[in-house]
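Here is how the chains run, residue by residue.
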Amino acid sequence: MNRMPVEKYRMYDRIPLTDRQWPDKIVDKAPIWCSVDLRDGNQALIEPMGPDRKRRMFELLVKMGFKEIEIGFPSASQTDFDFTRELIEKNMIPEDVTVQVLTQARPHLIERTFEALKGVHRAIVHVYNSTSTTQRRVVFQQDMAGIKQIAVDGAQLVRDFAEKNPETDWRFQYSPESYTQTEIEYALEVCEAVMDVWEPTPEKPCIINLPATVEVAPPNVYADSIEWMHRRFTRRDSMILSVHPHNDRGSGVVAAEFAVMAGADRIEGTLFGNGERTGNVDIVTLGLNMVATGVDPHLDFSNVPEMRKVVEYCNQLPVHPRHPYGGDLVFTAFSGSHQDAIKKGLKAMDDSNSGVWDVPYLPIDPSDVGASYEAVIRVNSQSGKGGVAYILENDYGVRMPRNLQIEFSNVIQKIADESGKELSPTMIWDSFQETYLDNETPYGFVNHITQSDTHASEVRAIEAKVTKGGEEVLLHGRGNGPIDAYVNALKADAGVDISVMDYSEHAIGEGANAMAIAYVEARTADGKRLFGVGRHPNIVTASLKAVTCAVNRASAL
Ligand SMILES: CC(=O)SCCNC(=O)CCNC(=O)[C@H](O)C(C)(C)COP(=O)(O)OP(=O)(O)OC[C@H]1O[C@@H](n2cnc3c(N)ncnc32)[C@H](O)[C@@H]1OP(=O)(O)O
Ligand SMILES: CC(C)C(=O)C(=O)O
Ligand SMILES: [Mg+2]
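What you are looking at is a predicted structure, and each value in this text was computed from that prediction instead of being measured.

Calculation rules
Residues numbered from 1 in each chain as written. Chains lettered and ligands numbered in written order. Predicted model: local features only at pLDDT ≥ 70, side-chain atom pairs only at ≥ 80, totals over all residues. Helix = DSSP H or I, 4+ residues; strand = E, 2+ residues; numbered from the N terminus. Rg over C-alpha atoms; globule rule 2.2 N^0.38 Å. Buried ≥ 20, exposed ≤ 12 C-beta atoms within 10 Å, placed from the backbone. Contact = placed C-beta atoms within 7 Å. Near = placed C-beta within 6 Å. Nonpolar A, V, L, I, M, F, W, Y, C, P; charged D, E, K, R; others polar. Pairing = 2+ DSSP bridges. UniProt positions renumbered as here; feature names shortened; annotations may be inferred. Expected span 1.5 Å × (residues − 1). Arc of directions from axis to C-beta. Domains from an automatic or database assignment. Axes fitted to C-alpha atoms, helices over the stretch in contact; angles between N-to-C directions. Parallel < 35°, antiparallel > 145°, perpendicular 65-115°, else oblique. Core = buried A, V, L, I, M, F, W, Y, C linked by C-beta atoms within 7 Å. Left-handed = near helix turned anticlockwise from the far one by under 90°.

**Looking at the overall build of the protein**
Alright, step 1. Scanning the protein from terminus to terminus reveals 17 helices and 14 strands.
Alright, step 2. Taken against the 2.2 N^0.38 rule, which gives 24 Å for 557 residues, the C-alpha radius of gyration of the protein at 34 Å runs more than 25% over that of a compact globule.
Alright, step 3. Across its three principal directions, the C-alpha atoms of the protein cover 110 × 60 × 40 Å.
Alright, step 4. For the protein, buried positions account for 43% of its 557 residues.
Alright, step 5. At a minimum sequence separation of 6, the contacts of the protein that also span at least 24 residues come to 65%.

Here's what the structure looks like:
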């Protein structure tokens, strides 16, 4: 027995296209974009946008560079009607932007639509009726001819009203709603009948919009259908072929991309994919997919976090943290090997002059869409040395030697494992200070003086003042330099046997605030390796503090 009731469902129809050409095409130029946030997106909201939210969304869309914006369904709601009037009467529609409104193919709704648009300079009147097999039967209870007649009558009425209002530059759009559940030959027949009424020309084309009202098949089937239609329209040069994918199967973006490859000129969609059920196709993802392949989308995505804020405010819906390009976590790596590769990739980008983005795990440069690098690497128990090192270097200027990265990452790993939580950069820095820079038990370095021996100029004697258990004491030692002499002084007093294996230092900051940070890698008598780190404006003092830290840590073993 089947585990799911699959016998209830039918396989989708294939499109009779055997010489399909779209799979060999690429998306190499931007389509005409039409935002339907204020209509299709709005009609799917728990609380539809009020005037303020509508204005905010409209302003954002204009700012991003949309030239066609479906602003509502003015014959259906007073809010949409009033918003349309406000945009027109307050002259809020930029000269290069065309507003679009939707109406059913019903006389009183078409009439009210033209009432709403009175005085607009330019507008697209978008008329639709459902042509699908099921809706013909259950919703309209009409045959194919009857449904075609609804479309033709609607188209005629739209044309008549437009002719009565010649002061406006009108454009017409028709959608055979539920196109993907309509017999394809019939969908073509209805669209052709509408165009017979509108008589579009290459100079004044109409828009034929073929919606995946419900996405019922994989995107290659949608593409086949678009190519099939594209090759058969009798007035292809007098129409703009538009697509309107929804996302029921989760492939709205691919469907739109394939449709453009198959001949579509225009895409209707929404920001972050809000819309009926699983949403309209997401224009943010589509546009940034283009950017990521070096194609100019002709839309401005340079501040995606700000866009997201406005969209979340208008829709009163959150954008998922994993939403492509726009989610809060989409440029963030928590896992160790990703962090390591990103850190190396970013450094390689800095070192190269190629200008071509090539960083592992980051399909685009986060800064191109206004995301900060702070978000790129975050640390939890899945993280490794690369991430911790990246944060300390980027946020605090600490460039740990490789072996110290390994050592300190174990410290962080332990904390992360114990807490099970993310560690913020501040927590990592606090831990670094506690482990190394503020480690003053049992010894705290205070100051020192050195003397060169008369008979061997490189050998030095040191007198160092340190705190030991809170008391100040003087230690004395000799060696072939201040570090060596100080190590010997401390070793003798502490009774620990360590030798310095490696030493490095660098500056943090510049000018009067510059500090030196010194790293001492030491080995204990039983072969354990450990680090001491010291920081001070004076480089020798920083080194001696690093030695103090190493001895303290060795004493604690
Ligand atoms: C896929 C899409 O997104 S389509 C857009 C959907 N958007 C919306 O519906 C949002 C706004 N809509 C509304 O507020 C309402 O539907 C209104 C105001 C437009 C119309 O309201 P009503 O007339 O009360 O009802 P409703 O929309 O249910 O229409 C049903 C009637 O119109 C007919 N009808 C539905 N769509 C269309 C159409 N596109 N063209 C012609 N007739 C249509 C139906 O067959 C039905 O006829 P019947 O009453 O004889 O059975
Ligand atoms: C009105 C039409 C274009 C629509 O939104 C759809 O079919 O999804
Ligand atoms: Mg829709």
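That covers the picture; the talk isn't over yet.
**As for the site of ligand 1**
Alright, step 1. Around ligand 1, the structure places 16 residues, and the nearest of them are Gln43, Ala76, Gln104, Ala105 and Asn129.
Alright, step 2. For the shell around ligand 1, the per-class residue count stands at eight nonpolar, four polar and four charged.

**Topic: the pairing of strand S13 (residues 515–524)**
Alright, step 1. As defined by bridge partners, strand S12 (residues 498–508) adjoins S13 across ten bridges and the pair is classed as antiparallel. Bridging across to S13, Ala507 finds its partner in Ala516.
Alright, step 2. Connecting S12 to the next strand, S13, in antiparallel fashion are six residues, including Gly509 with a positive phi near 80 degrees.
Alright, step 3. Relative to strand S14 (residues 529–536), S13 is paired through eight bridges, and the arrangement is antiparallel. Within S14, the residue paired with Ala516 across the bridge is His536.
Alright, step 4. Here S13 folds back onto S14 in antiparallel fashion, the turn holding four residues, of which Gly527 has a positive phi close to 85 degrees.

**A word on the UniProt feature "binding site: Mg(2+)" (unreviewed entry) in the protein**
Alright, step 1. Per the UniProt record, the feature "binding site: Mg(2+)" (unreviewed entry) sits at Asp40, His244, His246 and Asn280. Across 241 residues, the annotated set stays spatially compact, with a maximum C-alpha separation of 10.3 Å.
Alright, step 2. In this fold, His244 is placed in strand S7 (residues 239–245).
Alright, step 3. Within the element layout of this structure, Asn280 appears in the loop between strand S8 (266–269) and helix H10 (283–292).
Alright, step 4. Asn280 has contacts with Val36, Asp40, Gly41, His246, Gly269, Thr270, Gly273, Asn274 and Gly275, leaving out every residue within four places of it along the chain.

**Some points on helix H2 (residues 51–64)**
Alright, step 1. Its 14 residues place the ends of H2 20 Å apart at the C-alpha level, agreeing with the 20 Å of an ideal helix rising 1.5 Å per residue.
Alright, step 2. Listing the buried residues of H2 in full gives Lys54, Met57, Phe58, Leu60, Leu61 and Met64. Looking down the long axis of H2, one finds its buried residues gathered within 160 degrees of arc, a one-sided arrangement. Of the exposed residues in H2, those oriented more than 90 degrees away from the buried face are Pro51, Asp52 and Glu59.
Alright, step 3. Buried residues along H2 sit in contact with strand S1 (32–35), helix H1 (37–43), strand S2 (68–72), helix H3 (78–89) and helix H11 (304–315).

**A few points about the domain arrangement of the protein**
Alright, step 1. When cut into domains, the protein gives domain 1 (31–315), domain 2 (336–369), domain 3 (385–437) and domain 4 (443–556).
Alright, step 2. The gap between the C-alpha centroids of domain 2 and domain 4 is 38 Å.

**Quick word on the UniProt feature "domain: Pyruvate carboxyltransferase" (unreviewed entry) in the protein**
Alright, step 1. The residues that UniProt annotates with the feature "domain: Pyruvate carboxyltransferase" (unreviewed entry) are residues 31–305.
Alright, step 2. For residues 31–305, the end-to-end C-alpha separation is 24 Å, with 44% helix and 19% strand making up the annotated structure.

**Re helix H17 (residues 539–555)**
Alright, step 1. With 17 residues, H17 should reach 24 Å at 1.5 Å per residue; the first-to-last C-alpha distance of 24 Å fits that figure.
Alright, step 2. Counting buried residues in H17 gives 13 out of 17 residues, a clear majority hidden from the surface.

**Regarding the sheet that holds S14**
Alright, step 1. Across the sheet, which stays open at both edges, the three strands sit in the order S12-S13-S14 with antiparallel pairing between neighbours. Strands at the two margins of the open sheet, each flanked by one partner only, are S12 and S14. For this sheet, the mean inter-axis angle between neighbouring strands, taken without regard to orientation, is 20 degrees.
Alright, step 2. On the sheet, helix H14 (residues 402–419) packs against S13 and S14 and is oriented at approximately 100 degrees with respect to S14.

**Section: the site of ligand 2**
Alright, step 1. The full set of residues close to ligand 2 is Asp40, Leu102, Tyr128, Ser175, Glu177, Asn209, Pro211, Thr213, His244 and His246.
Alright, step 2. At the level of elements, strand S5 (169–177) and strand S6 (206–212) are the ones that each hand at least two residues to the shell around ligand 2.
Alright, step 3. The class makeup of the residues in the shell around ligand 2 is three nonpolar, five polar and two charged.

**A few points about unusual backbone geometry**
Alright, step 1. The amide bond that connects Thr441 to the next residue, Pro442, takes the cis arrangement and shows omega of 0 degrees.
Alright, step 2. Note on placement: Pro442 falls in the loop between helix H15 (425–437) and strand S9 (443–452).
Alright, step 3. Positive phi is not limited to glycine here, since Asn91 has a value of about 55 degrees.
Alright, step 4. Following the sequence through the fold, Asn91 ends up in the loop between H3 and strand S3 (98–104).
Alright, step 5. Taking the C-beta count within 10 Å as the criterion, Asn91 has 9 such neighbours and is therefore assigned exposed.
Alright, step 6. In the Ramachandran plot, Ser178 falls in the positive-phi region, its phi being about 60 degrees despite a non-glycine side chain.

**A short note on the packing of helix H13 (residues 385–396) against H14**
Alright, step 1. Here H13 crosses H14 at 100 degrees, and the two axes come no closer than 9 Å. Here H14 runs roughly perpendicular to H13, going by the angle between their axes. Residue-level inspection shows Lys385, Val388 and Ala389 of H13 in contact with H14, the latter providing Gln405, Ile406, Phe408, Ser409 and Ile412.

**A closer look at the nonpolar core**
Alright, step 1. Counting 144 residues, the largest nonpolar core has Ala259, Tyr486, Val547 and Ala550 as the members making the most contacts within it.
Alright, step 2. Setting aside its immediate chain neighbours within four residues, Tyr486 contacts His448, Ile462, Ala464, Gly477, Leu544 and Val547.

**Things to note about the packing of helix H6 (residues 144–164) against helix H7 (residues 184–198)**
Helices that pack against each other are described as a pair by the angle of their axes relative to one another and the distance between those axes.
Alright, step 1. Here H6 crosses H7 at 30 degrees, and the two axes come no closer than 9 Å. Comparing the axis directions of H6 and H7 gives the class roughly parallel. Two packed elements cross with a definite hand, and for H6 against H7 that hand is right-handed. Within the contact between the two elements, H6 uses Met144, Lys148, Ala151, Val152, Ala155, Gln156 and Arg159 and H7 uses Tyr186, Glu189, Val190, Ala193, Val194, Val197 and Trp198.
Alright, step 2. Grouping the constituent residues of the contact of H6 with H7 by class yields ten nonpolar, one polar and three charged.

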